[in-house]
Amino acid sequence: MGMSVGAGGGGRGGRGHRRRGRHHAMISEINVTPMVDVMLVLLIIFMVAAPLLTVGVPIDLPDTQAKAMNVDTQPITVSINPAGQIYLQETEIPIEELVAKLQAISKTGYDERIFIRGDKSTDYGTAMKVMARISAAGYKNIGLVSLQEQDQ
């Protein structure tokens, strides 16, 4: 009655034995790839849409060869459309109220930067009246806004 004791794999503790019914632990990691994809799409959407949201008065600016200004703070914008209507920021105002409204919204007093945006078909006299009123009120930091000329 011999019994063979060997290294074979018949018993429970043998090398070839696989346990059945045991499940591996659930992986609890966040897959960030879809989140990164969504964030990149949102970034592109905002980069495209942001320049469209900055100007409320549609004006066709003239082209010049001047270089772009490096600005840190947002200036006050006075716009003149082709019909001669005057806008302070995005609100239409009569020319008689321009100085009073400028004084009300300027944060740094007479040192406030004021940009004048005039459509290229705007009457020159209207643009000069607006500039003269702003200058006579004491504002010295006045600039005209234009587009950079494209080489053709």
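Structure report, in brief. Computed from a predicted model, the values in this text were never measured in an experiment.

Let's talk about the overall build of the chain
What the chain contains, in helices and strands, is 3 helices and 7 strands. Seen in sequence order, the chain has helices and strands lined up from the N terminus as α-β-β-β-β-α-β-α-β-β. Across the 152 residues that make up the chain, the buried fraction comes to 23%. A separation of at least 24 residues holds for 72% of the contacts in the chain among residues at least 6 apart in sequence. Of the roughly 12400 Å² of accessible surface on the chain, a fraction of 57% belongs to carbon and sulfur atoms.

With respect to the pairing of strand β6 (residues 142-145)
Inspection of the sheet shows strand β5 (residues 114-118) paired to β6 by 4 bridges, in the parallel sense. The partner of isoleucine 114 across the bridge, within β6, is isoleucine 142.

Quick word on the nonpolar core
Counting residues in hydrophobic clusters, the biggest one holds 17 residues, and the most contacted among them are Val78, Leu88, Leu98, Leu102, Ile114, Val130 and Ile134. Contributions of two or more residues to this core are made by β2 (76-80), β3 (86-88), α2 (98-105), β5 and α3 (124-136). Apart from residues lying up to four places away in sequence, leucine 102 is in contact with Ile76, Leu88, Ile114, Ile134 and Tyr139.

Observations concerning unusual backbone geometry
Phi is positive for glutamine 89, close to 60°, though the residue is something other than glycine. Looking at the element boundaries, glutamine 89 is found in the loop between β3 and β4 (91-93). Taking the relative accessible area as the measure of exposure, glutamine 89 reaches 36% and is therefore partly exposed.

Quick notes on α2
An α-helical turn contains 3.6 residues, so any two residues separated by three or four positions project in the same direction. Of all the residues in α2, the buried ones are Leu98, Val99 and Leu102. The buried residues of α2 occupy an angular sector of 95° when projected down its axis, which confines them to one face. On its buried face, α2 is in contact with β2, β3, β4, β5 and α3.

Looking at the pairing of β2
Judged by how many residues are buried, β2 sits mostly within the fold: 5 of 5 residues are covered. Along β2, one buried face is formed by Ile76, Val78 and Ile80 and the opposite face, lined by Thr77 and Ser79, is buried too. In the sheet, β2 pairs with β5 via 5 bridges, with the strands oriented parallel. Paired with serine 79 across the bridge in β5 is arginine 117. Across 3 bridges, the pairing between β2 and β3 is antiparallel. Its bridge partner being in β3, valine 78 is matched across the sheet by leucine 88. Taking the residues that link successive antiparallel strands as the turn, the β2-β3 hairpin has 5 residues, and the phi of glycine 84 there is positive, at about 90°.

With respect to the sheet that holds β3
Adjacent strands of a sheet pair through backbone hydrogen bonds, lying either parallel or antiparallel. Here 5 strands make up an open sheet; going across it, the order is β4-β3-β2-β5-β6 and the pairing mixed. Looking along the sheet, the strands with just one partner apiece sit at the ends: β4 and β6. Taken pair by pair, the neighbouring strands of this sheet meet at an average axis angle of 30°, ignoring direction. Sitting on the sheet, α2 touches β2, β3, β4 and β5, and the angle it makes with β3 is about 15°.

Criteria and cut-off values
Residues numbered from 1 in each chain as written. Predicted model: local features only at pLDDT ≥ 70, side-chain atom pairs only at ≥ 80, totals over all residues. Heavy atoms only, no water. Helix = DSSP H or I, 4+ residues; strand = E, 2+ residues; numbered from the N terminus. Buried < 20%, exposed > 50% of the residue type's maximum accessible area, 1.4 Å probe, protein only. Contact = heavy atoms within 4.5 Å. Areas by Shrake-Rupley, 256 points an atom, 1.4 Å probe, with all protein chains shown as cover. Pairing = 2+ DSSP bridges. Core = buried A, V, L, I, M, F, W, Y, C linked by side-chain atoms within 4.5 Å. Arc of directions from axis to C-beta. Axes fitted to C-alpha atoms, helices over the stretch in contact; angles between N-to-C directions.

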